Amino acid sequence: LVWTAHNVLPHQPVFADDVSARRALVGASDLVLAHSQAALAELAVLGAVPHRSAVIEHGPLGPEPSAGALRTPGTGDGPRQFLFFGKVEEYKGVEDLLAAFLALPGDTPARLTVAGQCDDPELRSRVEELARRGGGRVTLRLEHVPDADVAPLVGAADAIVLPFRRVTTSGSAVLALSHGRPLVLPDLPGLADLPDQAVLRYNGGISGLAMALSRMARADRGVLAAMSAAASDHASQTTWQEMAERTA
């Protein structure tokens, strides 16, 4: 039995005691795969120490953009375009992102798009209310984004913002890197393995995020281009073939 620890604990309760369930699963597994050493450390804190483990990074996510299809972040004369992309769930902090964006001075040259399916009616209502306060500066697309729309959507962004409240692994972050997008992320252990040259990390919750957004909105084009190159370089170093061989 091999288990990939994509999440240390479920994002929503599954059992009456999910910690005990994780211990039972890890104890029953011959091998536990994790995407980072931080995930194994978090399992150990729960008392779930695998008999045998290996760290294999999260692979690049498609659809892969065609060569030359993506513009370099920071180019163009319009405001900086921020994007949250991924399923909208409580732990991903979309409400924090909207609050931070709304706290920016009105003359900040930035726009925000939130794109992803939201299955929680109450969360959706709160997100929509916050977005209305942003007027034309905030765009919501609370639906599943078809594969064909992913590259144009991500490519239109100057930076991807993923304000997780907690996280083990982020497929959205990997997707952003594979599309050469700079990332704005909280300084969390589960995200520590992402390349520093492509990431702007923040502390301090909403206020720290607002400062990071302001910094990115006014960043020099050369800075964003360098972050984009670092993102693409990092993504190109990992292939599914290599990960398959390591897994086998």
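Coordinates for the structure precede this section.
First, a word on what this report is: a plain description of the structure on this page. Keep in mind that what you see is a predicted model, and the values were worked out from it rather than measured.

**Comments concerning the packing of helix α3 (residues 94–102) against helix α7 (residues 205–217)**
- At their nearest, the axes of α3 and α7 sit 8 Å apart, and the two run at 60° to each other. Here α7 runs oblique to α3, going by the angle between their axes. The way α3 lies across α7 gives a crossing that is right-handed. Contact residues: α3 offers Asp 96, Leu 97, Ala 99, Ala 100 and Phe 101, while α7 offers Ile 206, Leu 209, Ala 210 and Leu 213.
- Taken together, the residues of the contact of α3 with α7 sort by class into eight nonpolar, no polar and one charged.

**Section: the packing of aromatic side chains**
- Taken as a whole, this structure holds one aromatic pair when the rule is applied.
- Here the aromatic rings of Tyr 91 and Phe 164 are separated by 6.2 Å at their centres, their planes lie at 20°, and the arrangement is stacked. A residue pair is termed long-range when its members are at least 10 positions apart, and Tyr 91 in the loop between β4 (80–85) and α3 and Phe 164 in the loop between β7 (159–161) and α6 (171–178) qualify at 73 residues. Across this residue pair, the class does not change: Tyr 91 and Phe 164 are buried.

**Some remarks on α6**
- Of all eight residues in α6, seven are buried, a share of seventy percent or more.
- Where α6 is concerned, the buried positions are Gly 171, Ser 172, Ala 173, Val 174, Leu 175, Ala 176 and Leu 177.
- Turning to α6, the residues buried within the fold contact β4, α5 (147–155), β7, β8 (183–186) and α8 (221–236).
- One or two positions beyond α6, positive phi appears at Gly 180, with a value near 65°.

**Considerations on the pattern of salt bridges**
- Taken as a whole and judged by the stated rule, the model has 16 salt bridges.
- In this structure, the salt-bridge partner of Arg 201 is Asp 196, at a minimum N-O distance of 3.0 Å.
- Here the salt bridges do not stand alone but share partners, grouping Glu 90, Glu 95, Asp 96, Arg 126 and Arg 165 into one network.

So, how was this worked out
Residues numbered from 1 in each chain as written. Predicted model: local features only at pLDDT ≥ 70, side-chain atom pairs only at ≥ 80, totals over all residues. Heavy atoms only, no water. Axes fitted to C-alpha atoms, helices over the stretch in contact; angles between N-to-C directions. Helix = DSSP H or I, 4+ residues; strand = E, 2+ residues; numbered from the N terminus. Parallel < 35°, antiparallel > 145°, perpendicular 65-115°, else oblique. Left-handed = near helix turned anticlockwise from the far one by under 90°. Contact = heavy atoms within 4.5 Å. Nonpolar A, V, L, I, M, F, W, Y, C, P; charged D, E, K, R; others polar. Phe/Tyr/Trp six-rings, centres within 6.5 Å; stacked < 30°, edge-to-face > 60°. Buried < 20%, exposed > 50% of the residue type's maximum accessible area, 1.4 Å probe, protein only. Salt bridge = Lys/Arg side-chain N within 4 Å of Asp/Glu carboxyl O.

Function-wise, these values are silent; they only describe arrangement.
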